[in-house]
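Working through the structure, step by step
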Amino acid sequence: MKKNVKNNVYWIGYMDWDLQTFHGDDYTIHHGSAQNAYLIQEEKTVLMDTVWAPHQFEFVENLQSEIDLNTIDYIVVNHGENDHSGSLPALMKLIPDTPIYCTANSVKSLEGQYGKQGWNFHVVHTGDSLDIGHGKKLIFVEMTFLHWPDSMATYLTQDNILFSMDAFGQHIAVEGLFEDQANQEQIFNEAMRYYANIVAPFSPLVTKKVKEIVAMDLPIDMIAPSHGAIWRENPLKIVEAYASWANRYQEDQITVVYGTEWHGTEKLAYALAKEIHKQSPQTVVKVFNVDHTEKDDIVFEIFKSKAIAVGSPTILNGILASMAGFLYYLKSLRFKGKKAAVFGCYGWSGEGNKVLREMLEKAGFDVISDEIKSSFNPEKEEYDQIPQLVKTLL
Ligand code: FEO
């Protein structure tokens, strides 16, 4: 069933309360996810995006229960990734000639995924517009690399809605659609977690794009992303948040991440947390065992942090495989302006700290020279080094 968004704009997506992971298992979903597609019924009928392939038949049936598919004048594809385009093949079998408005790169991503179907593509660029009747038009804004090269946003005049695609969205299911219909703090946190794990590598482009959107001087009453809640109470709050997150964002927080074999490195992690709090009680300290916490949740905490401490025992001349995998993921997110320290226990050779240091440097962290390296279990000598390391880290 469609749900009204504003005037003649309706939500026609899929509220997925059971989604557990996204992007393979790279991103965990804690509160479901709204896959948002929209229907605009002015003199022209426009379908804005679709939903993920596993729900394609339900999506098409739902659409058919609301409208005669042959009355769809235009389809807008803001982004070709499968979670938004996955129902197109089933839909286009029924209405093969319907014009699809999208970027040139979306033609590539759609044809790459679904083959050359001969769909009726109309390539658009920033500033191009499409009249949809009743004096309203759609204005297209390319959002290249936010987060795919094919991404774009679409603005609906008079209703002043920015359909922002992945940007400004979050993975959360909201039955009432709008951010004021659910826990706003949770929605905002999920938006930040989404940014940290998916948008952060493109932060310089976010800064540029936010400026460009502001310069277009379009009144924005609502931001309708393709995942999660629609922003209507104060839609510019999330735009301002993006501008802030894109600019070497950090809070007064230090995150300690460790893996442990026989609990020696864990003891160091806990001692570090205690010392951070002792030296700077106002600083938020969080500690995570890399084997017991989802990597995207740790990344969210690191995104908020001004510094991190990372520990692993030496294993086979290296570090724990789980920590190596985590640091490989962290590197891809290209965080900037954060300090890091390394620590760990070893039995015989002790290369762990060196490996941690190299991986963190490659990940863009400013790794301090102080470190804690403990032969077998940490003793007084190692614990005595912690205050100086923490002082440097703060
Ligand atoms: Fe980039 Fe929601 O897909």
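Residues numbered from 1 in each chain as written. Predicted model: local features only at pLDDT ≥ 70, side-chain atom pairs only at ≥ 80, totals over all residues. Heavy atoms only, no water.

**As for the overall build of the protein chain**
Per the secondary structure count, the protein chain includes 13 helices and 21 strands. When the backbone C-alpha atoms are referred to their principal axes, the protein chain occupies close to 75 × 40 × 35 Å. Within the span of the protein chain, comprising 394 residues, buried residues form 57% of the whole. Considering only residue pairs separated by 6 or more positions, the protein chain has 72% of its internal contacts joining residues 24 or more positions apart. (Helix = DSSP H or I, 4+ residues; strand = E, 2+ residues; numbered from the N terminus. Buried < 20%, exposed > 50% of the residue type's maximum accessible area, 1.4 Å probe, protein only. Contact = heavy atoms within 4.5 Å.)

**Thoughts on the nonpolar core**
If you look at the biggest cluster of nonpolar residues, it comprises 65 residues, and the most contacted ones within it are Ile238 and Trp245. Among the elements that line this core, the one with the most residues is helix α5 (residues 184-199), at nine residues. Excluding residues within four positions of it along the chain, Ile238 makes contact with Phe168, Phe188, Ala191, Ile223, Trp231 and Trp245. (Core = buried A, V, L, I, M, F, W, Y, C linked by side-chain atoms within 4.5 Å.)

**Details of the sheet that holds strand β10 (residues 100-102)**
One open sheet accounts for seven strands, arranged β1-β2-β7-β8-β9-β10-β11; its pairing is mixed. Two strands close off the open sheet at either side, each with one partner strand: β1 (3-6) and β11 (121-123). Across the sheet, the axes of successive neighbouring strands diverge by a mean angle of 25°, strand direction being ignored. Sitting on the sheet, helix α4 (residues 104-114) touches β10 and β11, and the angle it makes with β11 is about 145°. (Pairing = 2+ DSSP bridges. Axes fitted to C-alpha atoms, helices over the stretch in contact; angles between N-to-C directions.)

**Thoughts on the pairing of strand β12 (residues 129-133)**
Relative to strand β13 (residues 136-142), β12 runs antiparallel, the two sharing four bridges. Counterpart to Leu130 in the pairing with β13 is Leu138.

**Some words on helix α8 (residues 264-279)**
Given a rise of 1.5 Å per residue, 16 residues ought to cover 22 Å, and the 23 Å separating the end C-alpha atoms of α8 matches this to within 8%. Among all positions in α8, only Gly264, Thr265, Glu266, Leu268, Ala269, Ala271, Leu272, Ala273, Glu275 and Ile276 are buried. (Expected span 1.5 Å × (residues − 1).)

**Brief notes about unusual backbone geometry**
The peptide bond linking Leu146 to His147 adopts the cis configuration, its omega dihedral lying at 5°. For His147, the position within the fold is in the loop between β13 and β14 (152-156). Even without being a glycine, Phe145 presents a positive backbone phi close to 70°. You can see Phe145 is positioned in the loop between β13 and β14. Despite not being glycine, Asn160 has its phi angle at roughly 55°, a positive value. Summarising the element assignment, Asn160 is placed in the loop between β14 and β15 (161-165).

**Brief notes about the side chain of Asp16**
Along the chain, the position of Asp16 falls in strand β3 (residues 14-16). Lacking a salt bridge, the buried Asp16 has Lys3 as its closest oppositely charged neighbour, with an N-O distance of 13 Å. A distance of 3.4 Å separates the side chain of Asp16 from the side chain of His55, its partner in a polar contact. With sequence-adjacent residues up to four places away left out, Asp16 is seen in contact with Gly32, Ser33, Gln35, His55 and Ala173. (Lys, Arg positive; Asp, Glu negative; His and termini not counted. Salt bridge = Lys/Arg side-chain N within 4 Å of Asp/Glu carboxyl O. Polar contact = N/O pair within 3.5 Å; in protein donor to acceptor, adjacent residues only side chain to side chain.)

**As for the environment of Val199**
Note on placement: Val199 falls in helix α5. Take Val199: its relative accessible area is 5%, and that puts it in the buried class. In this structure, the C-alpha to C-alpha distance between Val199 and Ala341, residues 142 residues apart in sequence, is 25 Å. Excluding anything up to four places from it in sequence, Val199 contacts Leu146, Tyr194, Val206 and Tyr242.

**As for the packing of α8 against helix α13 (residues 386-393)**
Packing of α8 against α13 leaves a shortest axis separation of 9 Å and a crossing angle of 60°. Regarding the angle of α8 to α13, the classification is oblique. Here α8 runs over α13; the crossing is right-handed. Two secondary-structure elements touch here, α8 through Leu268, Ala271, Leu272, Glu275, Ile276 and Gln279 and α13 through Ile386, Pro387, Leu389, Val390 and Lys391. (Parallel < 35°, antiparallel > 145°, perpendicular 65-115°, else oblique. Left-handed = near helix turned anticlockwise from the far one by under 90°.)

**Concerning the packing of helix α6 (residues 203-215) against helix α7 (residues 236-245)**
Two elements in contact, α6 and α7, have axes whose closest approach is 8 Å; the angle formed by their N-to-C orientations is 140°. Here α7 runs oblique to α6, going by the angle between their axes. Pair α6 / α7 crosses with left-handed handedness. Of α7, the residues touching α6 (which contributes Ser203, Val206 and Val210) are Val239, Tyr242, Ala243 and Trp245. When grouped by side-chain class, the residues that make up the contact of α6 with α7 number six nonpolar, one polar and no charged. (Nonpolar A, V, L, I, M, F, W, Y, C, P; charged D, E, K, R; others polar.)

**Structural notes on the pairing of strand β21 (residues 366-375)**
Of the pairings in the sheet, the one linking strand β20 (residues 339-346) to β21 comprises seven bridges and is parallel in character. Bridge pairing in β21 places Gly344 opposite Lys373. Handedness of the β-α-β unit built from β20, helix α11 (residues 352-362) and β21 comes out right-handed. (Right-handed = clockwise from strand over helix to strand, strands pointing away.)

**A short note on α5**
Burial of α5 is extensive: twelve of the 16 residues sit out of reach of the surface. For α5, every residue scored as buried is listed here: Ile187, Phe188, Glu190, Ala191, Met192, Arg193, Tyr194, Tyr195, Ala196, Asn197, Ile198 and Val199. Buried residues belonging to α5 abut β5 (27-28), α6, α7, α9 (295-304) and α10 (321-332). With a side-chain oxygen positioned 3.0 Å from the backbone nitrogen of Glu185, the residue opening α5 is Asn183.

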